[in-house]
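What the coordinates show
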Amino acid sequence: MKRRGPLITLVLTLGALVVILSLNDALIPNQPGAAEAPAPAPAASSADATGDDAAGAAEFPDEAVYAGKDASGKVAVAVAIKGDRAVAYVCDGKSFESWMTGVVDGGRVTLESNRGPTIDARFNGKRVTGVAADGDVQYAFDLEKADPPAGLYREESSDTTIGWIVLPDGRQVGIKNTDGTLTPAPRLDPEADTAELVTGATR
Amino acid sequence: MSTAHPDDPTAGARSAFVIAVLVGLMVAVGLGTYGAVHEPGKVAINVAGFSSFLAVKAWLGTLALVLAIVQLVTALKIYGKLSGGGPVMNVLHRWSGRAAVAASLPVAAHCLYIAGFMATDARVLLHSIAGCFFYGVFAVKMLALSDDNSPGWALPVAGGAAFTALTVLWATSSLWFFATFGVTF
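Predicted, not measured: the structure shown is a model, and the values here were computed from it. Just so you know, the residues in each chain are numbered from 1, in the order the chain's sequence is written. As a convention, the first chain written is A and the first ligand written is 1, with the rest following in written order. Under the rules for a predicted model, residues below a pLDDT of 70 receive no local features and side-chain atom pairs below 80 are neither given nor counted, while totals for whole chains, interfaces and linings still include all residues.

A few words on the overall build of chain A. Looking only at helices and strands, chain A has 1 helix and 13 strands in total. Reading chain A from its N terminus to its C terminus gives the helix and strand order α-β-β-β-β-β-β-β-β-β-β-β-β-β. Relative to its 203 residues, chain A shows a buried fraction of 39%. Helical segments are the DSSP runs of H or I of at least four residues, strand segments are the runs of E of at least two, and each set is numbered from the N terminus. Buried, partly exposed and exposed are defined by the number of other C-beta atoms within 10 Å of a residue's own C-beta, namely 20 or more, between the two limits, and 12 or fewer respectively, with C-beta atoms placed from the backbone.

Turning our eyes to something else, we now look at the packing of helix H4 (residues 122-145) of chain B against helix H5 (residues 154-171) of chain B. Residues and elements named next belong to chain B. Running from N to C, H4 and H5 point in directions that differ by 155 degrees, and their axes come no closer than 8 Å. For the element pair H4 / H5, the angle class is roughly antiparallel. Once H4 is placed against H5, the crossing between them reads as left-handed. Contact with H4, carried on its side by Leu126, His127, Ala130, Gly131, Phe133, Phe134, Val137, Phe138, Val140, Lys141, Ala144 and Leu145, involves Ala154, Leu155, Ala158, Gly159, Ala161, Ala162, Ala165, Leu166, Val168 and Leu169 of H5 and no other residues of that element. Classes in brief: Ala, Val, Leu, Ile, Met, Phe, Trp, Tyr, Cys and Pro nonpolar; Asp, Glu, Lys and Arg charged; the others, Gly included, polar. Of the residues that constitute the contact of H4 with H5, the class distribution is 18 nonpolar, 3 polar and 1 charged. Note on definitions: angles span 0 to 180 degrees between N-to-C directions of axes, and those axes are lines fitted to C-alpha atoms, for helices only across the stretch in contact. Just so you know how the angles are binned, under 35 degrees is roughly parallel, over 145 roughly antiparallel, 65 to 115 roughly perpendicular, and the rest oblique. With the far helix as reference, a near helix turned anticlockwise by less than a right angle produces a left-handed crossing, and one turned clockwise produces a right-handed crossing. Once C-beta atoms are placed from the backbone, any two residues with those atoms within 7 Å are in contact.

Right, let's talk about unusual backbone geometry for a bit. A negative phi holds for most residues other than glycine; trans holds for most peptide bonds. All names here are of chain A. With an omega dihedral of 10 degrees, the bond running from Pro148 to Pro149 counts as a cis peptide bond. Among the secondary structure elements, Pro149 is positioned in the loop between strand S8 (137-145) and strand S9 (151-156). Of note in the backbone geometry, Asp179 takes a positive phi value of approximately 50 degrees without being a glycine. Relative to the elements of secondary structure, Asp179 occurs in the loop between strand S11 (172-178) and strand S12 (181-184). Assessed through the 8 C-beta atoms surrounding it within 10 Å, Asp179 is described here as exposed.

Across soluble globular proteins, nonpolar side chains show a tendency to be buried alongside one another. We define a nonpolar core as a collection of buried residues of the types Ala, Val, Leu, Ile, Met, Phe, Trp, Tyr and Cys that are connected via C-beta atoms lying within 7 Å of each other. Formed by 98 residues in total, the largest nonpolar core has its most connected members in Ala67, Val77, Ala78, Val79, Ala88 and Ile165 of chain A. With sequence-adjacent residues up to four places away left out, Ile165 of chain A is seen in contact with Ala67, Ala76, Ala78, Tyr89, Cys91, Leu152, Val173 and Gly174 of chain A.

Let's shift gears to helix H3 (residues 87-115) of chain B. Helix length check: H3 of chain B, at 29 residues, gives a terminal C-alpha distance of 42 Å against a target of 42 Å (1.5 Å per residue), a fit within 8%. One or two residues past the end of H3 of chain B sits Gly116 of chain B, with phi positive at roughly 85 degrees. Given the number of residues in a helix, its expected span is that number minus one, multiplied by 1.5 Å.

The next thing to look at is the sheet that holds strand S6 (residues 118-123) of chain A. All names here are of chain A. Taken together, 8 strands build a closed barrel; the order of strands is S1-S2-S3-S4-S5-S6-S7-S8 and the barrel is antiparallel. If you compare each strand with its neighbour and ignore which way they point, the axes differ by 25 degrees on average. Strand pairing is defined by DSSP finding a minimum of two bridges between the two strands. In terms of strand pairing, strand S4 (residues 97-105) meets strand S5 (residues 108-112) through 5 bridges, oriented antiparallel. The residue bridging Asp105 from the neighbouring strand is Arg108, located in S5.

What follows is about the sheet that holds S12 of chain A. All names here are of chain A. Reading across the sheet, the 5 strands line up as S12-S11-S10-S9-S13 and stay open at both edges, with antiparallel pairing between neighbours. In this open sheet, the two strands that pair with only one neighbour each are S12 and strand S13 (196-197). Pairing between S11 and S12: 4 bridges, direction antiparallel. The residue bridging Thr178 from the neighbouring strand is Thr181, located in S12.

As a further point, take H4 of chain B. Every α-helical turn comprises 3.6 residues, leaving residues that sit three or four positions apart pointing alike. With 24 residues, H4 of chain B extends 34 Å from end C-alpha to end C-alpha; this agrees with the ideal 34 Å at 1.5 Å per step. H4 of chain B sits mainly inside the fold: 17 of its 24 residues count as buried.

Next up, the structure:
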């Protein structure tokens, strides 16, 4: 005897997965305003995926650094706040980095680099959630507070700039930029090395 | 399959179950392949009331785990390993299972679309493997369920494997999220 219920369940489940993934590809081409894009799955929504403008009314503290990996784990992101000024650094520890500067407006921070990448993020009172965009590629992140020795570090000499993001758990992600040639950064000893702890006012 | 004697009444059942396992393998490998070759998505989404979609996923995953525990208990009762049962257990088992899979779907879709199959560290790799395995086992179980001739051990084994996979999935994602960010929404 064949029982049809489980087959229907199976077909509906796998079908829903395929539909969600195809709809994502079809409906969400790489638009930069993707932070406002609707939830991909009806089941996930309590119908109103309105983003976090209303809820994220918290204001940034005067000075703080937030750091973490993006949702895919490919890049690390650090955002340093000081007053109404901000500095951010995004890098993958291998061959991609971007320094950005920007402004703080209440609980929102927007940053850009003169080479293109941008960040738009919001503070929820505890963590910083947002998107780093580099052309078509976007990295969603959810950063937690990174107090020293964690944080964002930079060391500059005449032809070399090294950036390090030290995550709250001590892991480091960094890039050494020698006249435009990007290589993984050497290990940083935040206590001993001469690297500068970057704040939102660092330029 | 060609070795089975045509008069052997169990041969058809056996080959049907072999097909179920093959379909499950295809599902698991298919998801893993999609995750590996698909250009990761670039979209940050959120649901009102939650601090981030990671939090949404962590809670949906937790909901799925709770429903999976209902699955385990009702299965034990259906098989007489726990006292108290009756037809209501069948209904409860069926619908808690459907609800668990439904809760897992947006989470899986987000993982596959935004991240894909990844091996950046042990947790991420284990999660990727368990995720593909879970839907493969789910397919095997649904196919085995639909056929009364499938071997008696097929359902307990597939159900146990699905429960184990979901527990691993939860531990490598929701538990990690709560341990990292605190039990927040």
